[in-house]
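Structural overview for review
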Amino acid sequence: MRRPRNIAVRALRGLAAGLLALCAACATPPEPHSGSARGDTRVLQAATAARLAYEQGQDAQARLLYRQALTRAQAIDAVEQAADMAFNLAVVEVGLRHYEAAEQLLAQAAYDSDRVAAEGNDIRLLRAKVAYLLGQLPQALALANQVVSAGASPHLALQARILRGQIAADRRELPGASSELQAVMAGVAASGGTLAPAVDADLHKLDGTLARLEGRAAAAAHLFDSEARLLRTARRHRDMAHALARAAESYGAAGQAALAADRYFLAARSLVAQADVDAARPYALASAAAAGQAGDPAAGDRARRLLDELKPHDAR
């Protein structure tokens, strides 16, 4: 899930890796801005330390340091740095699943970006993704449409199209979702480029969602498995766990209970290790149930041992 902007100048805007992938859909936070080290020294120092903390998975520390950088930039009215630090802090808040806080920070980033007549499509795209995460589908769609119509870079436009496709799929508007998927595939083929793992994962998720809606459960399972592998590469481990659960559900629908039990177990184990026991519990239970359907006692034992690990949390 992630990377905030690196430092603080309008020219630094641009997402190096891609956003999109919520636990239930597609909304990955972006890369930080990276580039020249111009601007207030105190802002730059805090931002550099924040990015290092973020890359080491220390989200709480990154949040504190980006907040310090933003406060300093706003105190001295360093407009471009204020826009960038608000954006970066929003990325961290998304990673922490503080979506309302991210929404407010992006409004600040847009305000300061407008003051210097910056393009702002990266901010607009992240606002679309946050709106999606908040369940505000009309707003998310409107913002994604703005990114596409504003002549954004191919990288940003592609992500906006994936988001539009996912929204259509969530609404069960299969023709619209399929059209967006085909447009994205054609664009990728025409460019001959390689997608960043995070963006590629989102593309696999959209493809898998369509396959599932069309009743192609086995195909959907394989696509969600690929999504999970890409999310692992992108170090979006919570989203990876939910992708594994999507694969499990599809394997179950395809009549492959043993694979369903395995993927549910892997999803649950990952979430337990990430201290998200509430999310892990239903997957562990589903793994045990699928193992029973498959007649796989070893898989059943694995799931039950994992459930035993959760009992101390149940007593709290």
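Quick note: structure is the one above.
Here is a short report on the structure shown in this document. (Residues numbered from 1 in each chain as written. Predicted model: local features only at pLDDT ≥ 70, side-chain atom pairs only at ≥ 80, totals over all residues. Heavy atoms only, no water.)

1. Some thoughts on the overall build of the protein
Each helix and strand counted, the protein has 14 helices and zero strands in total. Counted from the first residue to the last, the protein has its helices and strands arranged as α-α-α-α-α-α-α-α-α-α-α-α-α-α. When burial is assessed residue by residue, the protein has 54% of its 316 residues classed as buried. Pairs at least 24 residues apart make up 64% of the contacts formed inside the protein by residues separated by at least 6 positions. (Helix = DSSP H or I, 4+ residues; strand = E, 2+ residues; numbered from the N terminus. Buried < 20%, exposed > 50% of the residue type's maximum accessible area, 1.4 Å probe, protein only. Contact = heavy atoms within 4.5 Å.)

2. A word on the packing of helix α4 (residues 99-115) against helix α5 (residues 121-133)
For the pair α4 and α5, the least separation of the axes is 10 Å and the interaxial angle reads 160 degrees. The angle between α4 and α5 falls in the class roughly antiparallel. Considering how the two elements wind past one another, α4 and α5 form a crossing that is left-handed. Side by side, α4 and α5 meet where Tyr99, Ala102, Glu103, Leu106, Ala109, Ala110 and Ser113 of the first sit next to Ile123, Leu126, Arg127, Val130 and Leu133 of the second. A breakdown of the residues in the contact of α4 with α5 according to their chemical character gives nine nonpolar, one polar and two charged. (Axes fitted to C-alpha atoms, helices over the stretch in contact; angles between N-to-C directions. Parallel < 35°, antiparallel > 145°, perpendicular 65-115°, else oblique. Left-handed = near helix turned anticlockwise from the far one by under 90°. Nonpolar A, V, L, I, M, F, W, Y, C, P; charged D, E, K, R; others polar.)

3. A short note on the packing of aromatic side chains
Both the distance between ring centres and the angle between the ring planes are used here to describe each pair of aromatic rings. In this structure the tally under the stated criterion is one aromatic pair. Over the face of the ring belonging to Phe224 we find Arg246, whose NZ or CZ atom lies 5.7 Å from the ring centre. Positioned above the aromatic ring of Phe265, the side-chain terminus of Arg302 is 5.9 Å from the ring centre. (Phe/Tyr/Trp six-rings, centres within 6.5 Å; stacked < 30°, edge-to-face > 60°. Lys NZ or Arg CZ within 6 Å of the ring centre and 35° of its normal.)

4. Notes on the pattern of salt bridges
Counted according to the given criterion, the structure contains 18 salt bridges. A salt bridge links Arg236 to Asp202; the shortest N-O distance between them is 3.6 Å. Here Arg236, found in the loop between α10 (217-233) and α11 (237-253), pairs with Asp202, found in helix α9 (residues 197-213); they are 34 residues apart in sequence, far enough to count as distant. Just as Arg236 is buried, Asp202 falls in that class too. Of the charged contacts, one joins Asp278 and Arg281 as a salt bridge, the two residues approaching to 3.6 Å between their closest N and O atoms. A residue pair is termed a helical-turn pair when its members lie 3 or 4 positions apart in one helix, as Asp278 and Arg281 do in helix α13 (residues 277-294) at three residues. A relative accessible area of 60% places Asp278 in the exposed class. Each member of the salt-bridge network shares a partner with another, and the members are Asp77, Asp112 and Arg115. (Salt bridge = Lys/Arg side-chain N within 4 Å of Asp/Glu carboxyl O.)

5. Some details on the layout of surface pockets
There is about 270 Å³ of room inside the second largest pocket. What lines the second largest pocket is a set of 16 residues, and nearest its centre among them are Pro154, His155, Leu158, Ser191 and Leu195. Taken together, the elements giving at least two residues each to the lining of the second largest pocket come down to α7 (154-170) and α8 (174-191). Counted by class, the lining of the second largest pocket contains ten nonpolar, five polar and one charged residues. (1 Å grid on protein atoms, 1.4 Å probe; cavity = no way out; pocket = protein on both sides within 12 Å on 5 of 7 lines; lining within 4 Å. Points joined across faces, edges and corners; volume = space filled by probe spheres on them.)

6. Considering α9
Helical periodicity: at 3.6 residues per turn, an α-helix aligns residues three or four positions apart in one direction. Given a rise of 1.5 Å per residue, 17 residues ought to cover 24 Å, and the 24 Å separating the end C-alpha atoms of α9 matches this to within 8%. Counting buried positions along α9 gives 13 out of 17 residues, so the element sits mostly inside the fold. (Expected span 1.5 Å × (residues − 1).)

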